[in-house]
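Overview (structure and organization)
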Amino acid sequence: MTRRGSMARSTEGRSKLPAGDLARIAAFAAFIAVLGLPGAFTLFGNSVPVTLQSMGPLLAGAILGARRGALSVILLLALVAAGMPLLAGGRGGLGVFAGPSVGYLIGWVAAAFVAGLIVERSGRRPGTHWVLIACLLGSATTLAVGIPVQAAVSGVPLAETFRLALAFVPGDTAKAIVAALVAAGAQRAYPDAAPAAWRERIDGRS
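For clarity, every value in this text was computed on a predicted model and none was experimentally measured. (Residues numbered from 1 in each chain as written. Predicted model: local features only at pLDDT ≥ 70, side-chain atom pairs only at ≥ 80, totals over all residues. Heavy atoms only, no water.)

Notes on helix H8 (residues 168-189)
- Along its 22 residues, H8 runs 31 Å from first to last C-alpha, staying within 8% of the 32 Å computed at 1.5 Å per residue.
- All of the buried residues in H8 are Phe168, Asp172, Lys175, Ala176, Ala179, Ala180, Ala183, Ala184 and Gln187. Buried residues along H8 cover an arc of 165 degrees about the axis, so they all sit on one side. Residues of H8 that are exposed and angled more than 90 degrees away from the buried face: Pro170, Leu181 and Arg188. (Helix = DSSP H or I, 4+ residues; strand = E, 2+ residues; numbered from the N terminus. Expected span 1.5 Å × (residues − 1). Buried < 20%, exposed > 50% of the residue type's maximum accessible area, 1.4 Å probe, protein only. Arc of directions from axis to C-beta.)

Comments concerning the packing of helix H4 (residues 66-81) against helix H5 (residues 102-121)
- Where H4 contacts H5, the axes come no closer than 7 Å and their chain directions differ by 165 degrees. Relative to H5, H4 is oriented roughly antiparallel. Once H4 is placed against H5, the crossing between them reads as right-handed. In contact with Ala66, Arg67, Gly69, Ala70, Val73, Ile74, Leu76 and Leu77 of H4, H5 contributes Leu105, Trp108, Val109, Ala112, Phe113, Gly116, Leu117 and Glu120. (Axes fitted to C-alpha atoms, helices over the stretch in contact; angles between N-to-C directions. Parallel < 35°, antiparallel > 145°, perpendicular 65-115°, else oblique. Left-handed = near helix turned anticlockwise from the far one by under 90°. Contact = heavy atoms within 4.5 Å.)

Focus on the side chain of Gln150
- Inspection of the secondary structure puts Gln150 in helix H6 (residues 128-154).
- If near-sequence neighbours (up to four positions away) are discounted, Gln150 is found in contact with Asn46, Ser47, Val48, Pro100, Tyr104, Gly155 and Thr161.

Quick look at the environment of Ala33
- Topologically, Ala33 is positioned in helix H2 (residues 19-34).
- Overall, Ala33 belongs to the buried group, its relative accessible area being 15%.
- Separated by 20 residues in sequence, Ala33 and Gln53 place their C-alpha atoms 7.1 Å apart.
- Aside from chain neighbours lying at most four places away, what touches Ala33 is Gln53, Leu76 and Leu86.

Brief notes about the environment of Val119
- Assignment of secondary structure puts Val119 in helix H5.
- Residues Val119 and Cys135, 16 residues apart in the sequence, show an inter-C-alpha distance of 9.1 Å.

Digging into the nonpolar core
- Within the largest apolar cluster, 20 residues are counted, with the highest numbers of intra-cluster contacts made by Leu58, Leu59, Ala62, Val131, Cys135 and Ala179.
- At the level of elements, helix H3 (55-64), H5, H6 and H8 are the ones that each hand at least two residues to this core.
- Here the element with the most residues in this core is H3; it accounts for 6 residues.
- Counting residues in hydrophobic clusters, the runner-up holds 15 residues, among them Leu76, Leu86, Trp108 and Ala112. (Core = buried A, V, L, I, M, F, W, Y, C linked by side-chain atoms within 4.5 Å.)

A short note on H4
- Given a rise of 1.5 Å per residue, 16 residues ought to cover 22 Å, and the 22 Å separating the end C-alpha atoms of H4 matches this to within 8%.
- Of all the positions in H4, only Ala66, Arg68, Gly69, Ala70, Ser72, Val73, Leu76, Leu77 and Val80 are classed as buried.
- Looking one or two places after H4, you find Gly83, whose phi comes out positive at around 110 degrees.

As for the UniProt feature "transmembrane region" (unreviewed entry) in the protein chain
- The UniProt entry lists residues 21-41, 73-90, 102-119 and 131-153 under the feature "transmembrane region" (unreviewed entry), expressed in the numbering used here.
- Annotated as residues 21-41, this span is 67% helix and 0% strand, and its ends, taken at the C-alpha atoms, are 34 Å apart.
- Across residues 131-153 one finds 100% helix and 0% strand; the C-alpha atoms that close the span lie 33 Å apart. (UniProt positions renumbered as here; feature names shortened; annotations may be inferred.)

Pasting the structure below:
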């Protein structure tokens, strides 16, 4: 076999996700959907609702890692785009991605990736403080993406949109704290549940 053929097969093998990881990605997509069951409400006239679902991407990233956490959110959003009413309040369909919430939905993907990346880089068994930092920064990432997109879609000035979004901060902080505690507990209880690629990278074997 030529060296080029060997490298191609090696790259192909690394690009495929193990069945266990695919199951975890699907499970977390379902979990994020379940977090929408309590429903949603709006604050101070903001067109973007408050839901528990924004906690899901933080948990997905902190537990699954950056890549797999982001993929779980992408899977959920793909199902929503296909018409499944998986967002809080029974929302679904392509129309969701034309509304003021679209930036926050995109921000969920970024939040899962950021939270997962920080946890991955903080060691094989990161302390709770690192997981908390990861979740807080992940939550901030959602706002950083969502606010300017909301302003652009809704036509409301950025400063006014930012002021309205400040109402999200206390709840988002609380959700980040809860997500960090749950993720840290899960990592202590199931240390071998992390994806194999994550463990190898942390151990320096890849």
